[in-house]
Amino acid sequence: NISCFSHFKIVLYKYFMLSLFQKTIKEKVIFKGHGLHSGLKSVLKIMPAEENFGIVFKRIDLEKNNLILANYKNVSSAQLCTTLQNDSKVTVSTVEHLLAALYITGIDNALIEIDNSEVPIMDGSSKEFVETINRIGTKDLKAKRKYLKVTKKFEYKNEEKLVSIEPNDSKELNVDFQLVYANKLIGSQRNEINFSKKDLEEVYSSRTFCLFEDIEQIKKIGLAKGGSLDNAVVVKNNEILNSGGLRNSKEFVNHKILDLAGDFLLSGYRILGNVKCVQGGHSLSNLFLRAFLSDKSNFVTLELEDMLQVKSLPNQLDQKLAVNA
């Protein structure tokens, strides 16, 4: 009967940790800081937005052509950070940690006003973004959220680097990431993160990092002008230069997983599938999304209720999705 089916849906919502409706932030929130690469000071405001608005950056230091949609097709550079660019060549860079925070806090729609060309780096992680948004809260909108469900395995390789994705029965995003560095302290780290977990603190609090010997070369190409031990983990030989050391035992690989979550939000959907990544980064994530999304046989887009119109899982669910493809 109707009441039993309603109860069934509520149980599944909690099981899947998915949202039926699109969300936005409850009220405006402001962040201040400076850019990791430009060193420029900036003020960033996350503003509530209506349904189907998406994530849009607005360069308020410019009078026109100042809107930039957060979409994988608008990535103009992925060198050490993700840079978005609109048709008028207006850019906003280092968006990945903010986008990861929006992913983790469940925000689908927001207008992000910024008075400069780079998102403030804060402490090098998404910690302040996530904790502030959680304190402010989110609100449901009337439109239903669209999910992207993987229907078959897809793999993208670039020499020793790899990203693959395949369907899962649990209807969630699961990321298995392997990081390999010659530096013995970083070494080979691997972690698997299920993004349906409530507690993702070790992921969103993990900071960006670099090797001490790379800093001079990075600065020679005009980047890391705002970098310091306040916003990045610096490794020199077998020593962490930051006072206090690491925040968690897998901070290096956890930060790469955080970056991937931010870059994947540029798909425009919440992706449901098992992701495996070896030696990945911003460039590989963007190349993967472009290739994966160019073939519509790789996925179906659906609303949560499409997954709840069956009484057993997972076989009947997969059959229904095939009909909707």
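Residues numbered from 1 in each chain as written. Predicted model: local features only at pLDDT ≥ 70, side-chain atom pairs only at ≥ 80, totals over all residues. Heavy atoms only, no water.

## A word on helix α7 (residues 282-293)
For α7, with 12 residues, the first-to-last C-alpha span of 16 Å sits near the 16 Å given by 1.5 Å per residue. Every buried residue of α7 is accounted for by H282, L284, S285, N286, F288, L289, F292 and L293. (Helix = DSSP H or I, 4+ residues; strand = E, 2+ residues; numbered from the N terminus. Expected span 1.5 Å × (residues − 1). Buried < 20%, exposed > 50% of the residue type's maximum accessible area, 1.4 Å probe, protein only.)

## Description of the confidence of the model for the protein
Per-chain confidence: the protein averages 90 in pLDDT, with 89% of residues scoring 70 or above. Confidence drops under pLDDT 50 across residues 10-16; counting only partners more than four residues distant or on other chains, this segment forms 13 contacts. A low-confidence stretch, residues 310-325 stays under pLDDT 50, and its non-local contacts, those more than four residues away or across chains, total 25 contacts. (pLDDT = per-residue confidence, 0-100. Contact = heavy atoms within 4.5 Å.)

## Some remarks on the layout of surface pockets
As a volume, the largest pocket reaches approximately 940 Å³. Considering the residues around the largest pocket, the lining is formed by 39 residues, among which L80, Y181, F209, C210 and K256 are closest to the centre. For the lining of the largest pocket, the elements supplying multiple residues, two or more each, are α2 (96-105), β14 (173-180), β16 (209-211), α5 (215-220), α6 (251-264) and α7. Of the residues that constitute the lining of the largest pocket, the class distribution is 19 nonpolar, 13 polar and seven charged. (1 Å grid on protein atoms, 1.4 Å probe; cavity = no way out; pocket = protein on both sides within 12 Å on 5 of 7 lines; lining within 4 Å. Points joined across faces, edges and corners; volume = space filled by probe spheres on them. Nonpolar A, V, L, I, M, F, W, Y, C, P; charged D, E, K, R; others polar.)

## Details of the pairing of strand β2 (residues 29-34)
Regular strands have side chains that alternate between both faces of the sheet. Note: β2 against strand β3 (residues 41-48), six bridges, orientation antiparallel. If you follow V29 over to β3, its bridge partner there is I46. Linking β2 to β3, which pair antiparallel, is a turn of six residues; within it G39 sits at a positive phi near 75°. (Pairing = 2+ DSSP bridges.)

## A closer look at the pattern of salt bridges
Tallied over the entire structure, the rule returns 12 salt bridges. Among the salt bridges present, the one from D108 reaches R270, with a minimum N-O distance of 3.5 Å. In this pair, D108 sits in the loop between α2 and β9 (110-114) while R270 sits in strand β19 (residues 270-278), placing the two residues 162 residues apart along the sequence. Note on R270: relative accessible area 6%, which makes it buried. The salt bridge involving E155 is made with K157; its shortest N-O contact spans 3.8 Å. (Salt bridge = Lys/Arg side-chain N within 4 Å of Asp/Glu carboxyl O.)

## Considering the packing of α6 against α7
Running from amino to carboxyl end, α6 crosses α7 at an angle of 35°, the nearest separation of the two axes being 10 Å. When you trace α6 past α7, the crossing you get is right-handed. Along the contact surface, α6 presents D259, L260, D263 and F264, while α7 presents H282, S285, F288 and L289. (Axes fitted to C-alpha atoms, helices over the stretch in contact; angles between N-to-C directions. Left-handed = near helix turned anticlockwise from the far one by under 90°.)

## Details of the packing of α2 against α6
The contact between α2 and α6 brings their axes to 7 Å, and the two run at 80°. By the angle between their axes, α2 is roughly perpendicular relative to α6. Contacts from E96, H97, L99, A100, Y103 and I104 of α2 reach α6 at H255, L258, D259, A261, G262 and D263. Looking at the contact of α2 with α6, its residues break down into six nonpolar, three polar and three charged. (Parallel < 35°, antiparallel > 145°, perpendicular 65-115°, else oblique.)

## As for empty space enclosed by the protein
Here the structure, examined in full by the defined rule, presents one cavity of 30 Å³ or more. In this structure, the largest cavity encloses a volume near 40 Å³. Around the largest cavity, the lining residues are F177, K256, D259, L260, D263, G280, G281, H282 and S285. When residues of the lining of the largest cavity are traced back to their parent elements, those giving at least two are α6 and α7. Within the lining of the largest cavity, the residues separate by chemical class into two nonpolar, four polar and three charged.

## Comments concerning the nonpolar core
One broad rule of soluble globular proteins: the nonpolar side chains tend to lie buried together. Counting residues in hydrophobic clusters, the biggest one holds 68 residues, and the most contacted among them are I46 and F57. Discounting chain neighbours no more than four positions away, the residues touching F57 are N66, L67, I68, A70, L84, V92, V95, L98, L99, I112 and V119. Judged by nonpolar contacts, the second largest core, of five residues, contains L18, L20, Y147 and L304. (Core = buried A, V, L, I, M, F, W, Y, C linked by side-chain atoms within 4.5 Å.)

## Regarding the pairing of β19
Across the nine residues of β19, seven count as buried, placing the element largely inside the fold. Direction of pairing for strand β11 (residues 146-150) relative to β19: parallel, over a ladder of three bridges. If you follow K149 over to β19, its bridge partner there is L272. With five bridges connecting them, strand β13 (residues 161-166) and β19 associate as antiparallel partners. By the bridge assignment, V163 is partnered in β19 with C277. Bridge count between β14 and β19: six bridges; the pairing is parallel. Note on β19: the bridge partner recorded for Q178 is V278.

## A short note on the sheet that holds β9
As summarised here, the arrangement of the five strands in space is β2-β3-β9-β4-β5, forming an open sheet in which the pairing is mixed. Only two strands of the sheet have a single neighbouring strand rather than two, namely β2 and β5 (67-69). Between one strand axis and the next, the sheet turns by 20° as a mean value, whatever way the strands run. Relative to β9, β3 runs antiparallel, the two sharing five bridges. Bridging across to β9, M47 finds its partner in L111. Against the sheet, α2 engages β3, β4 (55-59) and β9, with an angle of about 145° to β4.

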